[in-house]
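For reference, the chains in residue letters:
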There are 2 protein chains.
Amino acid sequence: MNQEQFEIYRHLAGRLIDGQLSPGSHIESEQELARKFSTTRMNAYRAIKQLERRGIVSRSKRAGTRVSAPVNPNLLRQLKCEMTRRICVIHSRNSYEYLHWTGEFRRTLQQALAAEDFTLEDVHLDDVRDRAELKEKLLRLTETGIAAFILSVRGEEDEFLIENSDLFFQYHNKIFVYQSGAMSWMHWPFHTVTVNIFGEGSLAAKYLMEKGIRKIAYCRREISSKNYLDFNRERLLGVEFTMRRLSDGRNKPEEWVGLEQIYRNCMENGSGCGLIVSTDELAARIIDYFAERGAKRPPEMISFDNNSEYDSYRLTTIAPPHVEMAQTLGRLIFDNIDIDSECGFVSYIKIDSKLIINHQE
Amino acid sequence: MNQEQFEIYRHLAGRLIDGQLSPGSHIESEQELARKFSTTRMNAYRAIKQLERRGIVSRSKRAGTRVSAPVNPNLLRQLKCEMTRRICVIHSRNSYEYLHWTGEFRRTLQQALAAEDFTLEDVHLDDVRDRAELKEKLLRLTETGIAAFILSVRGEEDEFLIENSDLFFQYHNKIFVYQSGAMSWMHWPFHTVTVNIFGEGSLAAKYLMEKGIRKIAYCRREISSKNYLDFNRERLLGVEFTMRRLSDGRNKPEEWVGLEQIYRNCMENGSGCGLIVSTDELAARIIDYFAERGAKRPPEMISFDNNSEYDSYRLTTIAPPHVEMAQTLGRLIFDNIDIDSECGFVSYIKIDSKLIINHQE
């Protein structure tokens, strides 16, 4: 639907919402609408056609176009949602948000969306305690009109949104997911932009292998949540198969869990060992833990997040591709938000992270 | 890399493969190559640059461009693969191939690929009994030069390829997956085209709900393999959440397993019940089973596959989108097969199936 068609659609839907048009009422003819909005008759036709598809009006040669159905609460909600350009971002409740939905990401996305007059509004779920409250909140939101939802989740740590994603599907049909985590949303028909987690592991392994290091350990925390393990397993898969590929099947990684095991194994293996560490935070804690025990930091270590909080550690790190993710999400929204689009594709796009080498002083 | 750059690259790589160039040899200057191939110096530069990136040649102002590394077996394999336009299709060993890799699909894909001079070759794995034999086969294939692999799998029934996908990753870096099954390949960095399984369930539920049917059962066979269950669970999810959406949360489907249970439940529930049946094959078997017991076929039944073998049953069915899948796969291959592309995206695209209503006689 182009901008002119959308204007006419908005005019008609507005009169339905206000109650100016009720079942049996005539709506203006294509000619009248075209004149009123200084546009072509084809544009007026397309706008009316959309209401016909929604089952709201019916047209006949003799009786003209009439409102055929009463506007029930569901239809009302749908019309309101179709009339706005407000995109609502649902923020998850976990503490990693600041690494994920960053200022850089938001600026890039907002710029992309502004080109088509869309605005972003934030909704935080801090006050939502359970499913019933989420349902209530979604009902209230959609009643004010929301063009699309963006679910911003990290995936590995926020189960609540994932478990209740059926409510989003129930109340809206334009849902996009932005996550830096693993695969939890795969089964849903939501367009998704995510990080290539396997690729992150691959990048880290390649970096160490190209420095001639053959003994490599993937280091993570002692956490046993399913999402945390899935996420790390996928990255470890990238490490493992890249090591195999580059060594013709001879080398594969070890997995070290928790500070004490990492410390002990490093002491036993000496300095020839490379560490791939699940987050910059853990890498910083490893350095501190080693320092407390009078040991030097592991000389070959690479971690993930490009977390500015640990800048002073001068870590070699792998940065999430914020700008590319925002651009890709913007493109997915444009391609799929049109109210009469039935494009028939659901895209799940994984984007490569970037290596950032910080040389220690 | 454009066609002219590729011609020069192929010329140089060919001389390396033949052994005409060995470590220390000079290669022609950009000017000489540009003249020889009647092209620009920039195109010659790009072709040489590609060999430099592979670590095969090094250039210096004083000594010109020289071969720096011996061509080891791995590098030789890589060069051979880069020099061809042969795309190799690996066909899985399962019996559903004929519904999946259809003539229509193949014709569309072949046409798309021919536009850029690519050819398709088929490799069947019928003679491959285990991992060692697959490894041997892949080594032999890549030694003859393969531009890319397409893994053609149904996903739900073929575990062998999935379990051994690391071998493909080990021997090649241009891998595409075409499947009509579920999610098994998600963790791999392979571009994938698949069917929107959730969407298929959604489409079936919408069809029955719009006919006013409120009691709906999802019917499947008595099979307990993980892939079969995953696949059906995803489709059932589409049925369930679409029923909920269209009934404001009031209706949800039952799940009936096996011919006897389906028959018994139909008899108890009468003709007002709608059946969503996992395959056309099962739908046909249901009709036969009912007929043997003197019962009429279930009046409201929709199944999946658009399998021509059951045309005589005049089933209402949901057809896999063969043409769209082939076009999308072709596009993914073009976007990502270029030997110097580092586009940094992995796309997993689910495509909507189509409803085909066959009225019974």
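Procedures and definitions
- Residues numbered from 1 in each chain as written.
- Chains lettered and ligands numbered in written order.
- Predicted model: local features only at pLDDT ≥ 70, side-chain atom pairs only at ≥ 80, totals over all residues.
- Heavy atoms only, no water.
- Helix = DSSP H or I, 4+ residues; strand = E, 2+ residues; numbered from the N terminus.
- Expected span 1.5 Å × (residues − 1).
- Buried < 20%, exposed > 50% of the residue type's maximum accessible area, 1.4 Å probe, protein only.
- Contact = heavy atoms within 4.5 Å.
- Pairing = 2+ DSSP bridges.
- Axes fitted to C-alpha atoms, helices over the stretch in contact; angles between N-to-C directions.
- Least-squares fit on C-alpha atoms with pLDDT ≥ 70 in both.
- Polar contact = N/O pair within 3.5 Å; in protein donor to acceptor, adjacent residues only side chain to side chain.

Going by an unreviewed UniProt entry, chain A carries the name DNA-binding LacI/PurR family transcriptional regulator and comes from Victivallis vadensis.

Now for helix α1 (residues 3–18) of chain A. Residues and elements named next belong to chain A. Here α1 spans 22 Å end to end across 16 residues, near enough to the 22 Å set by a 1.5 Å rise per residue. Considered for burial, the residues of α1 that qualify are Q5, F6, I8, Y9, H11, L12, A13, G14, R15 and L16. In the core, the buried residues of α1 are packed alongside α2 (30–36), α3 (41–53), β2 (64–67) and α4 (73–83). Just downstream of α1 lies G19, where phi reads positive at about 90 degrees.

Residues and elements named next belong to chain A. One open sheet accounts for six strands, arranged β9-β8-β10-β11-β12-β14; its pairing is mixed. Both outer strands of the open sheet, β9 (254–257) and β14 (354–356), are each paired with one neighbouring strand and no more. With direction set aside, neighbouring strand axes in the sheet form an average angle of 25 degrees. Bridge count for strand β10 (residues 273–277) against strand β11 (residues 300–304) is four bridges, and the pairing is parallel. Paired with V277 across the bridge in β11 is S303. Packed on one face of the sheet, helix α11 (residues 226–246) meets β8 (215–220), β9, β10 and β11 and runs near 170 degrees to β8. Across the sheet, helix α13 (residues 280–292) is in contact with β8, β10, β11 and β12 (316–319); its angle to β11 comes to roughly 145 degrees.

This part takes up the relation of the copies chain B and chain A. Taken as rigid bodies, chain B and chain A are interconverted by a rotation of 180 degrees and an axial shift of 0.0 Å, the fit giving an RMSD of 0.0 Å. Taken together, the rotation and translation relating the two chain copies correspond to the operation of a two-fold axis. Proximity to the rotation axis, assessed at the C-alpha, singles out B:Y348 in chain B; its C-alpha lies 2.5 Å from the axis.

With mixed pairing, the 12 strands of this open sheet are ordered in space as β4(A)-β3(A)-β5(A)-β6(A)-β7(A)-β13(A)-β13(B)-β7(B)-β6(B)-β5(B)-β3(B)-β4(B). If you trace the sheet from one side to the other, it starts and ends with β4 (119–124) of chain A together with β4 (119–124) of chain B, each paired once. Neighbour-to-neighbour, the strand axes of the sheet open up by a mean angle of 20 degrees, direction not taken into account. Pairing of strand β3 (residues 86–91) of chain B with strand β5 (residues 148–153) of chain B, which is carried by five bridges, proceeds in the parallel orientation. Looking at β5(B), one finds that B:C88 is bridged to B:F149.

Let's shift gears to the side chain of B:D166. Relative to the helices and strands, B:D166 resides in helix α9 (residues 165–171). In this structure the side chain of B:D166 is engaged in a polar contact, spanning 2.7 Å, whose partner is the side chain of B:R131. Contact partners of B:D166, with chain neighbours within four places excluded, come to A:F241, A:R244, B:R131 and B:W188.

Non-glycine residue A:D248 carries a positive phi angle of around 55 degrees. Structurally, A:D248 is set in the loop between α11 and β9.

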